[in-house]
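Single-letter residue listing:
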Amino acid sequence: MKIILNDDVSHLGEKGDVKNVANGYARNYLFPRSLAVPYNEESVRYFESIKEEIAKRKEAKRKDAASLKDKLEALTVELSMPAGANGRLYGAVSAQTIADYLSKNGFSIERKRIDIPGLAIKSVGNYHATVHLYESQTAELKIAVKKQSDENAKAEAAEEKKNEKSEEKNAKSE
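Residues numbered from 1 in each chain as written. Predicted model: local features only at pLDDT ≥ 70, side-chain atom pairs only at ≥ 80, totals over all residues. Heavy atoms only, no water.

K.L.:
Got a sec to walk through the sheet that holds strand S3 (residues 36-38)? Specific residues and values, please.
P.N.:
Sheet strands pair via backbone hydrogen bonds, and the direction of the pair is either parallel or antiparallel. Read from one edge of the open sheet, three strands run S2-S1-S3, paired in antiparallel fashion. In this open sheet, the two edge strands, each paired with only one partner strand, are strand S2 (18-20) and S3. Adjacent strand axes in the sheet meet at a mean angle of 40°, parallel and antiparallel pairs treated alike. Where strand S1 (residues 2-5) and S3 come together, three bridges link them in antiparallel fashion. Within S3, the residue paired with isoleucine 4 across the bridge is valine 37. Contacts between helix H2 (residues 41-49) and the sheet are confined to S1 and S3, with S1 contributing the most and set at about 30° to the helix. (Pairing = 2+ DSSP bridges. Helix = DSSP H or I, 4+ residues; strand = E, 2+ residues; numbered from the N terminus. Axes fitted to C-alpha atoms, helices over the stretch in contact; angles between N-to-C directions. Contact = heavy atoms within 4.5 Å.)

K.L.:
Account for the sheet that holds strand S8 (residues 125-132), naming residues and giving values.
P.N.:
The mixed open sheet is built from four strands, whose spatial order is S4-S9-S8-S6. Each edge of the sheet is formed by a strand with only one pairing partner; in this case those strands are strand S4 (76-81) and strand S6 (114-115). Set on the sheet, helix H3 (residues 51-74) makes contact with S4, S8 and strand S9 (138-147); between it and S9 the angle comes to about 25°. Across the face of the sheet, helix H4 (residues 95-104) comes into contact with S4, S6 and S9 while running at roughly 115° to S4.

By themselves, these are just geometric observations and shouldn't be taken as functional.
What follows is the structure, encoded as structure tokens:
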């Protein structure tokens, strides 16, 4: 079934895009949620009338992605992870770990948009990851994984226990 998207739909397209989708997907998901309209003369005329607005929105997204690319490429993600004597991590640095680090530093990037060579980092060292931004724009992210010292590990574990105890107290008081 041929449709025109009424709103941005992840993994499908953006507002104003014409797509071919399965009949059931359109009838049962897209139409009831007002995410799309059937492709007909009336809907084509409507989207032709707002074509400039859609183009401006896409251009704004491109500019945002370009500025985000500059910020990400200037940033070095420094992670301190517990590791053995040979530099092998006890866990792994995944896309989720990097997304969490970025969110703590003011960036809102989904983990799905972060590509790490080999899916995860399993040893100490310097690495690069690719972040997919908008359309075909990507940013190279520098990652520095360092061995966590025993003192840092103990301090973090103690802080984590303290946070858990305070959460338990708050839960009991409510």
